Protein chains: 2
Amino acid sequence: MSFEEKLRNYAKLVVEVGINVQKNQPVVIRTPIEGAYFARELTRCAYEVGAKRVYVEFSDEEISKMTYEYASEETLGEFPVWETTKYDALVDQNAAFISISASNPDLLKDIPANKIAAVQKASGKGLIKFRKATSNSEVCWCVVSIPTEAWSKKVFPECTTAEEANKKLWEKIFIATRMEEEDPVEAWKSHTELLAEKCRFLNEKKIKMLHYKAPGTDLMVELPKGHKWEGGGEYSTKGTYFVANMPTEEVFTMPHKYGVNGTLKATKPLVYAGNLIDEFSFEFKEGKIVSFKAAKGEEILGKLIETDEGASYLGEVAIVPNSSPVSRTGTLFYNTLFDENASCHFAIGSSYPTNIEGGVQMSDEELEAHGANTSMTHNDFMVGSDQLSIEATTESGEKFYILKEGEWAF
Amino acid sequence: MSFEEKLRNYAKLVVEVGINVQKNQPVVIRTPIEGAYFARELTRCAYEVGAKRVYVEFSDEEISKMTYEYASEETLGEFPVWETTKYDALVDQNAAFISISASNPDLLKDIPANKIAAVQKASGKGLIKFRKATSNSEVCWCVVSIPTEAWSKKVFPECTTAEEANKKLWEKIFIATRMEEEDPVEAWKSHTELLAEKCRFLNEKKIKMLHYKAPGTDLMVELPKGHKWEGGGEYSTKGTYFVANMPTEEVFTMPHKYGVNGTLKATKPLVYAGNLIDEFSFEFKEGKIVSFKAAKGEEILGKLIETDEGASYLGEVAIVPNSSPVSRTGTLFYNTLFDENASCHFAIGSSYPTNIEGGVQMSDEELEAHGANTSMTHNDFMVGSDQLSIEATTESGEKFYILKEGEWAF
C-alpha cells in the first residue's frame with residue numbers, strides 16, 4: 001500500500017470511526033499548516049460521507065511563539081470574543097471536531113510561565129461551553145496526530161533529516177493507531193469492544209478504593225459512589241458512537257475529589273503548554289496536592305496547579321496495561337495522546353461528567369457534591385511502569401488486583 | 001542582497017508604509033498557507049513596531065474548492081456568524097488589515113455560477129461593516145502579493161518547475177512594488193507625492209465629463225459634483241497615512257451613477273471569484289449596463305452584474321498611464337492588484353465614499369442622492385491601452401486631454 005493510500009485510509013478511520021460524521025453535520029478540523037495535506041484528505045472524506053460544511057482552522061507554531069514573545073501578559077489574557085462566538089455556535093450546530101495534535105514539545109520553553117498561564121486561563125474561560133460540550137460528550141470529537149518537523153526531531157534526535165524523522169514517526173503513529181492491521185476499521189471495532197468488556201467488569205465490582213504501589217508511589221485513591229468506568233468509544237448525548245482519542249488504550253473513571261492520599265511519582269515527562277516537565281512527584285492530602293517537586297519545569301508545573309481551585313486536585317484515573325501497542329513501539333512521544341496510552345495515568349483538573357451516573361445532567365455544584373472535580377484545566381500525567389500494581393477494594397470489602405507488574409491481573 | 005533580506009524589506013514596506021502600524025494596534029494578516037514564510041516576516045515586523053497582537057488567518061485553496069464542490073448552494077449562502085463577529089470587533093478595535101492576494105485564477109472555473117454568487121452575496125452581507133470600514137478608510141488596510149505555485153504557473157506557463165515560475169513572479173512583484181529601488185520606502189514617498197500632485201491638478205479643474213475613445217470604446221462618463229480624485233496613499237479617518245494597494249499607480253474618482261452612456265470594451269481579462277472572464281464589453285444607458293458580451297466566462301459575468309442593483313452600475317473610474325512600472329513588466333498577471341495598475345480601469349459596483357466631499361459621513365441614501373453607487377460588490381476591469389484617449393470637459397466648459405495614446409497629456 002502506498003503512503004498516499006494509507007493516508008487516505010487513516011483519514012477515513014478518523015472521519016468514520018473517530019468523529020463518526022453524520023449526514024448534514026458541520027465538521028471542524030484544527031491543524032498546524034504543516035498538516036494541510038492530511039487536512040485535505042480529512043475534508044474530502046468528511047464531505048464524501050455527507051458533512052454539511054467543513055471548517056479548517058490552521059495554525060503556525062512560529063507565529064504562535066512570536067505572539068507569546070511580543071504580546072504583553074495583559075493582551076495574552078484577553079481571549080478574542082469571536083473565538084467564543086465561533087465555538088459556542090459550532091456546539092449549538094452539533095459540529096464534530098477533529099484536532100491534530102502535533103506540537104513541538106519545546107516550543108514555549110523560554111516563555112515566562114506567567115504568560116503561558118494567562119493564555120491558558122483566558123482560553124479556559126473563553127471556551128468554557130465548548131470544553132463542557134466535549135467533556136460531557138454533547139458533541140463528537142477526536143484527537144489524532146501526524147508528524148511535524150519539530151516534533152519528529154524531538155522524538156528521533158538521531159535522524160539527520162526532517163524527512164527521515166517524519167517517516168519514522170509516521171511508522172510509529174500507524175502502529176499505535178492499528179493502521180497496520182488488515183482492516184483498521186474492523187480492528188478498531190474489536191478493540192473498543194474489548195475495552196468495553198473491561199469496563200463492564202470493573203463497573204460490576206463497584207470499587208471503593210484503589211491502592212497504587214510502585215517505586216516512589218504509595219497512593220490510596222477513593223472512587224465516588226456511582227462512578228463509571230469508560231474506555232474505547234462512547235455515545236454522545238445525541239446517540240452517536242465516537243472515539244475521542246486515536247490511539248486509545250485506557251479504561252478510565254473519576255477519583256473522589258477529596259479521597260486521594262499519599263505519594264505519587266510520574267514515570268514520563270509531561271508536555272504542558274509548550275513546556276517539558278520531567279521527573280516530578282506529588283504529595284496528596286484529602287485529594288489536594290500539598291507539595292510537588294520537578295527536576296525540570298517546576299515553575300510551569302506550579303502555574304498549572306494554580307490555574308484554579310480544581311487544578312490542585314485529580315480528575316481522572318486511567319488504566320493502561322504496560323504492553324499496549326503504543327508501549328510496544330518503545331517510543332517516548334512527548335505527546336500526551338500517545339504517552340497516556342502507553343501508561344497508567346491520572347489527570348490534574350476537571351473530571352469527565354460522563355464518569356459518574358447522571359453526571360452529564362448535573363451542575364458544577366452537584367458534580368462537586370458527588371465527589372467530581374471541576375476545573376478549567378485537564379492535564380494527563382503518566383504513572384505506569386512494569387513495577388506498578390493496583391489493588392482494588394470493593395464496596396463489599398472484596399479485594400482484587402487490577403494490575404500486577406503493569407499488566408491486567410483479572 | 002539575499003532573497004531573505006529582500007523579503008524582510010518587503011515585509012517592512014508593507015507594515016510601515018502599507019498599513020503603517022501604530023503602537024498598540026491589532027493587526028490581521030490574511031494569507032494562503034503557502035505564504036506562511038512571508039506571514040511570519042510580516043508578523044515579526046508588526047510586533048517590532050509595536051503591534052498589540054497579530055492575528056494570522058490562513059486559507060488553503062484546495063480546501064476552499066472542495067467546499068464549493070461539495071457544499072450545497074443553500075449552505076454556501078450561510079455566512080458564519082462568528083466571521084461577522086470577528087470582523088466587526090476588529091473594526092471596532094481599529095485593527096489594520098493585510099491581505100495577501102495570490103489566487104489561482106482558474107480555481108473555480110468548473111464550479112456552477114450560482115454557487116459562486118451565493119458565496120459572494122453571503123460574504124457581502126456578512127462583512128458589510130468591515131467592507132464599509134475599508135472603503136471609507138475608517139481602518140488602514142493593504143493588499144499585496146506573493147507568488148503561489150498555481151498562480152505563478154498561470155502567469156508563466158513556459159516554466160517547467162514551480163520554483164522557476166515562483167522566482168520569475170517574485171522578480172516581477174519586486175519591480176512592480178519598487179523593491180528594486182535603492183530605498184523602497186523613499187521611492188514610495190516620492191511616488192505617492194507625484195500621484196497626489198496629479199490629483200490636485202484634476203481636482204482643481206472640476207471636471208464635468210470624461211470622453212473615453214479607443215477601439216470598441218466610445219463612452220461618456222459624467223462625474224458628480226464634489227467628486228474627489230485620489231491616488232497613492234490616503235489618510236484614514238483616524239489620521240493615519242496608509243497605502244491600500246501595493247503596487248498602486250492609479251488616480252481614481254467616482255463616476256455619476258446615472259451619467260454613463262456608450263460602449264466600453266475591456267482590454268484585459270478579469271479574474272472574478274476564481275473564474276476568468278475574457279474579451280468582454282458593455283453597453284451603458286444612463287449608467288446602467290443594458291447589455292454585455294464575453295468570449296469567456298459570460299455566465300459568471302452575468303452573475304456578477306446581478307449581485308444587487310448597484311452591480312449593474314459603475315463605481316470607480318481610474319487612470320493609469322500605459323507606461324507604469326507594472327505595464328513595463330510586460331506581464332499579464334491575472335490578478336487585479338497588478339493588472340489594474342498597468343491599465344486605466346473602471347469598477348463595477350460600489351464607489352468609495354472618500355471620492356466625494358463629505359461622503360464618509362453620508363448614509364447610503366445620501367450617497368446615492370449625490371450620484372455615488374452603492375453595492376455589496378466592487379470589481380475592477382481594465383480598459384487601458386496605447387490607443388486610449390480621455391478628453392475632459394470642465395464645469396466651466398474648458399476641454400483638455402487627460403490621456404492621449406495611453407499617456408498623461410497634461
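Here the structure is a predicted model, which is why all the values come from computation and not from measurement. Residue numbers run consecutively from 1 along every chain, following the written order of its sequence. Going through the entries in the order they are written, you letter the chains from A and number the ligands from 1. Residue-level local features of this predicted model are given only where pLDDT is at least 70; pairs of side-chain atoms are given and counted only at 80 or more, and the full residue set underlies all totals for whole chains, interfaces and linings. With hydrogens and water set aside, each side-chain value is computed from the structure's full complement of heavy atoms.

Participant: Which parts of the structure should I look at to understand the sheet that holds strand E1 (residues 26-32) of chain B?
Facilitator: Residues and elements named next belong to chain B. When DSSP finds two or more bridges between two strands, those strands count as paired. Secondary structure elements are taken from DSSP: a helix is a run of H or I of four residues or more, a strand is a run of E of two residues or more, and numbering for both begins at the N terminus. Spatial ordering of the open sheet is given by E2-E1-E3-E4, a layout of 4 strands whose pairing is parallel. Only two strands of the sheet have a single partner each, and these edge strands are strand E2 (53-59) and strand E4 (141-144). Direction aside, the axes of adjacent strands within the sheet are offset by 15° on average. Across 4 bridges, E1 lies against strand E3 (residues 96-100) in parallel orientation. Within the sheet, the bridge partner assigned to valine 28 lies in E3 and is phenylalanine 97. Across the face of the sheet, helix H2 (residues 36-48) comes into contact with E1, E2, E3 and E4 while running at roughly 170° to E2. In this description, contact between two residues means that some pair of their heavy atoms is separated by no more than 4.5 Å. Only C-alpha atoms enter the line fits that serve as axes; for helices the fit covers just the stretch in contact. Angles between N-to-C directions range over 0 to 180 degrees. Where helix H5 (residues 81-92) meets the sheet, it contacts E1, E2 and E3, and its direction lies at approximately 145° from that of E2.

Participant: Would you mind showing me how to read the confidence of the model for chain A here?
Facilitator: Any segment with low pLDDT has predicted coordinates that should not be analysed in fine detail. Confidence of the predictor at the level of single residues is captured by pLDDT, which takes values from 0 to 100. Scored by pLDDT, chain A has a mean of 96; 100% of the residues are at 70 or more. Taken over the whole predicted complex, pTM reads 0.91, whereas the ipTM for its chain interfaces reads 0.90.

Participant: Just checking my understanding: could you explain the relation of the copies chain A and chain B for this structure?
Facilitator: Each copy of the chain is related to the other by a rotation around an axis and a translation along that axis. The superposition of copies rests on a least-squares fit of C-alpha positions from residues with pLDDT of 70 or more in both. Placing chain A over chain B gives an RMSD of 0.0 Å and needs a rotation angle of 180°, together with 0.0 Å of translation along the axis. Both chain copies can therefore be described as sitting about a two-fold axis.

Participant: Is there a simple way to explain H2(B) in this structure?
Facilitator: Helical geometry: 3.6 residues make up each α-helical turn, so side chains three or four residues apart lie on a common side. Expected helix span is computed as 1.5 Å times (number of residues minus one). Over its 13 residues, H2(B) runs 18 Å from end to end, which matches the ideal 18 Å to within 8%, given 1.5 Å per residue. For each residue, the accessible area found with a 1.4 Å probe, counting protein chains only, is set against the maximum for its type, and the residue is called buried under 20%, exposed over 50%, and partly exposed in between. Within H2(B), 10 of the 13 residues are buried, which leaves the element mostly enclosed by the surrounding structure. Every buried residue belonging to H2(B) is among Ala36(B), Phe38(B), Ala39(B), Arg40(B), Glu41(B), Leu42(B), Thr43(B), Cys45(B), Ala46(B) and Tyr47(B), and all of these are buried. Summarising the contacts, the buried residues of H2(B) are in contact with helix H3 (61-70) of chain A together with helix H1 (3-18), E1, E2, E3 and E4 of chain B. Looking one or two residues beyond H2(B), the residue adopting positive phi is Gly50(B), at roughly 105°.

Participant: Got a minute to help me understand the interface of chain A and chain B in this structure?
Facilitator: Think of interface size as the accessible area that goes away when the parts come together; that is how it is often given. Contacts between the two partners involve 33 residues from chain A and, on the opposite side, 33 residues from chain B. By buried area we mean how much accessible surface two parts lose on assembly, using a 1.4 Å probe and totalling the loss over both. For the pair chain A and chain B, the two sides together bury roughly 3200 Å², of which 67% comes from carbon and sulfur. Among the residues of chain A in contact with chain B, Arg40(A), Tyr70(A) and Trp82(A) are the three that bury the most area, contributing 23% of the side total. Salt bridges are counted wherever a side-chain nitrogen of Lys or Arg sits within 4 Å of a carboxyl oxygen of Asp or Glu. Here Lys52(A) ties to Glu78(B) by a salt bridge, and the two come within 3.1 Å at their closest N and O atoms.

Participant: What's the story with the environment of Ser324(A) in this structure? I'm lost.
Facilitator: Residues and elements named next belong to chain A. Looking at where serine 324 falls in the secondary structure, it is placed in the loop between strand E15 (314-319) and helix H12 (325-328). Measuring from C-alpha to C-alpha, the distance between serine 324 and valine 91 comes to 33 Å, with 233 residues separating the pair along the chain. Once residues lying within four places of it in the same chain are set aside, the contact partners of serine 324 are Glu249, Asn341 and Ala342.

Participant: What am I meant to see in the pattern of salt bridges here?
Facilitator: A side chain of one charge can pair with a side chain of the opposite charge if their charged atoms are brought near each other. All names here are of chain A. Applying the stated criterion to the full structure yields 40 salt bridges over all chains. Here glutamate 180 makes a salt bridge to lysine 6, at a shortest N to O gap of 3.0 Å. Separated by 174 residues along the polypeptide, glutamate 180 in the loop between helix H9 (162-176) and helix H10 (184-205) and lysine 6 in helix H1 (residues 3-18) bring together distant segments of the chain. We note a salt bridge from lysine 154 to aspartate 106, for which the minimum N-O separation is 2.9 Å.

Participant: Teacher, can you tell me more about empty space enclosed by the protein here?
Facilitator: To find the voids left in a structure, one rolls a probe of water-molecule size over its atoms. Residues and elements named next belong to chain A. Only protein atoms enter the 1 Å grid used here, on which a cavity is any set of points holding a 1.4 Å probe that cannot leave and a pocket is any open set flanked by protein within 12 Å on both sides along at least five of seven lines; residues with an atom within 4 Å of a point are listed as lining. Grid points are joined across faces, edges and corners, and a volume is the space filled by probe spheres set on the points. This structure, assessed with the given rule, holds 1 cavity of 30 Å³ or more. A volume near 40 Å³ is recorded for the largest cavity. Along the walls of the largest cavity sit Pro269, Leu270, Val271, Tyr334, Asn335, Thr336, Asp339 and Met382, which together make up its complete lining. Every element with two or more residues in the lining of the largest cavity is listed here: strand E12 (270-272) and helix H13 (336-339). Each residue gets one of three labels, nonpolar for Ala, Val, Leu, Ile, Met, Phe, Trp, Tyr, Cys and Pro, charged for Asp, Glu, Lys and Arg, and polar for the others, Gly among them. For the lining of the largest cavity, the per-class residue count stands at 5 nonpolar, 2 polar and 1 charged.

Participant: Help me understand H10(A), please; the structure alone is not making it clear to me.
Facilitator: Residues and elements named next belong to chain A. The terminal C-alpha atoms of H10 lie 32 Å apart, and with 22 residues this matches the ideal 32 Å at 1.5 Å per residue to within 8%. Where H10 is concerned, the buried positions are Pro184, Ala187, Trp188, His191, Thr192, Leu195, Lys198, Cys199 and Leu202. Considered in projection along H10, the buried side chains sweep an arc of 125° and stay on one side of the axis. The outward face of H10, more than 90 degrees from its buried face, is lined by the exposed residues Lys189 and Glu204. Residue lysine 206 follows H10 closely and has a positive phi angle near 50°. Directions are taken from the helix axis to each C-beta atom, and the arc is the one they span.

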